[in-house]
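Overview (structure and organization)
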Amino acid sequence: MKLFDVYPLLPVNIVRAEGAYVWDDRDNRYLDMYGGHAVISIGHNHPRWVERITSQLRKIAFYSNSVINTLQQELAERLGIMSGRPDYNLFLCNSGAEANENALKLASFYTGRKKVVAFTGAFHGRTSLAVSATDNRSYTAPVNETGNVVFLPFNDVAALQEYFGRHGREVAAVITEGIQGVGGIRIASGDFLAAIRELCDTYGAVFVADSVQCGYGRSGRFYSHDHGNVAADIYTMAKGMGNGFPVAGISIAPHIPARHGMLGTTFGGSHLACAAGIAVLEVMETEGLAGNALEMGAYLTTQLQDIKEIENVRGRGLMIGFDVPGALAPLKRHLLEHYRILTGEAAPNVIRLLPGLALSREEASVFVQALRSAVNDLTR
Ligand SMILES: Cc1ncc(COP(=O)(O)O)c(C=O)c1O
């Protein structure tokens, strides 16, 4: 059997990792400014994370959600405190798409309505409702086209008000990332987030904050929507939550009631997943990683703004993007092959930086130096 060929692959076989670095099968070391697509939060193979997972593995890896699992309760308590939402309730699942799927479904249960408002440039995952709310028609199959999702222009308060004025009472949920990732590192403005909050309150809709990529301290605040000083009704999270162990969740405001059977999953919140999730929160707290993301993000952004060949450097914390003009189109590949640095991209012509949140100033400087040299190589 061969692999179903859906991923364009970089020509590297990564076999080992530590901190901000990964190694290939020929023992070449790479600086990871991509974090395995924003997944690495506390650093590759952090010793506390390895220890928590391995000691849990020796006790029990999994039992179903039909029994008490105090590790889930511990994770929920820590997450409530760290995220500044101790009164919210946690539902655990396995991936970002599943988190968004459950959030939108819950909003529909709660309101009894069907319409979902999403925005241009949004990415919310590949499962049925999540992909319907994703603004890329090449990801949606005909079966995903339900007619229940409407796309409005991102960051356009007037368009949102106008839509709510006509259809507000049909809207179950408004879903938005605080910083669009796949969409090219586009920050939701404070006014836009405040308008979503106000309109959801006025019309009885649910505000879903997709924090799958931009959450978990990456922006320098626990949720990137916190920069707008508004509270969402449901936060969805995944990537950084397990530092590479598949764990995801939705944090649900206390006014949304639970009922047995309304949501469910076999694997979500397993003992092993909780051990990984607890280790991440412990390390984030003891090492002050959200603060480090803010500081290193500011440092990187200032340094990058000095490189005149790249354009429109933007982002928050360690979620940074910049535009690459045509002459620098091979930059990502050049950084990989000549400087052994992994970066991300977002179409069209955007390089995305999503490193682990423990990135040091020295590592950030190594990246900036390499980027300067790579730009020189390509423009000489
Ligand atoms: C903002 C956002 N939401 C949802 C998802 C989907 O997450 P997953 O791939 O874990 O299903 C992603 C993945 O890139 C994402 O960036």
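Preceding block: the structure.
Quick caveat, the model's predicted, so the values are computed rather than measured.

1. Thoughts on unusual backbone geometry
With phi around 70°, D27 is a residue other than glycine that occupies positive phi space. Take D27: it is sitting in the loop between β2 (21-24) and β3 (29-32). For D27, a count of 8 C-beta atoms within 10 Å corresponds to the exposed category. Not every positive phi belongs to a glycine, and Y216 is a case in point at roughly 60°. Residue placement: Y216 occurs in the loop between β10 (206-210) and β11 (234-237). Residue classification places Y216 among the buried positions, given that 32 C-beta atoms sit within 10 Å.

2. Quick notes on the packing of helix α3 (residues 70-82) against helix α9 (residues 271-286)
Where α3 contacts α9, the axes come no closer than 9 Å and their chain directions differ by 30°. On the basis of their axis angle, the class for α3 and α9 is roughly parallel. Judged by the twist between their axes, the crossing of α3 over α9 is left-handed. Between α3 and α9, the contacting residues are L71, Q72, E74, L75, R78, L79 and M82 on the first element and H271, C274, A275, G277, I278, L281, M284 and E285 on the second.

3. Things to note about the packing of helix α10 (residues 289-305) against helix α12 (residues 361-379)
Their axes nearest at 10 Å, the elements α10 and α12 cross at an angle of 20°. Taken together, the axes of α10 and α12 are roughly parallel relative to one another. The two elements α10 and α12 meet at a crossing, and its hand is right-handed. Contact with α10, carried on its side by M296, Y299, L300, Q303 and L304, involves R361, A364 and V368 of α12 and no other residues of that element.

What counts and how
- Residues numbered from 1 in each chain as written.
- Predicted model: local features only at pLDDT ≥ 70, side-chain atom pairs only at ≥ 80, totals over all residues.
- Helix = DSSP H or I, 4+ residues; strand = E, 2+ residues; numbered from the N terminus.
- Buried ≥ 20, exposed ≤ 12 C-beta atoms within 10 Å, placed from the backbone.
- Axes fitted to C-alpha atoms, helices over the stretch in contact; angles between N-to-C directions.
- Parallel < 35°, antiparallel > 145°, perpendicular 65-115°, else oblique.
- Left-handed = near helix turned anticlockwise from the far one by under 90°.
- Contact = placed C-beta atoms within 7 Å.

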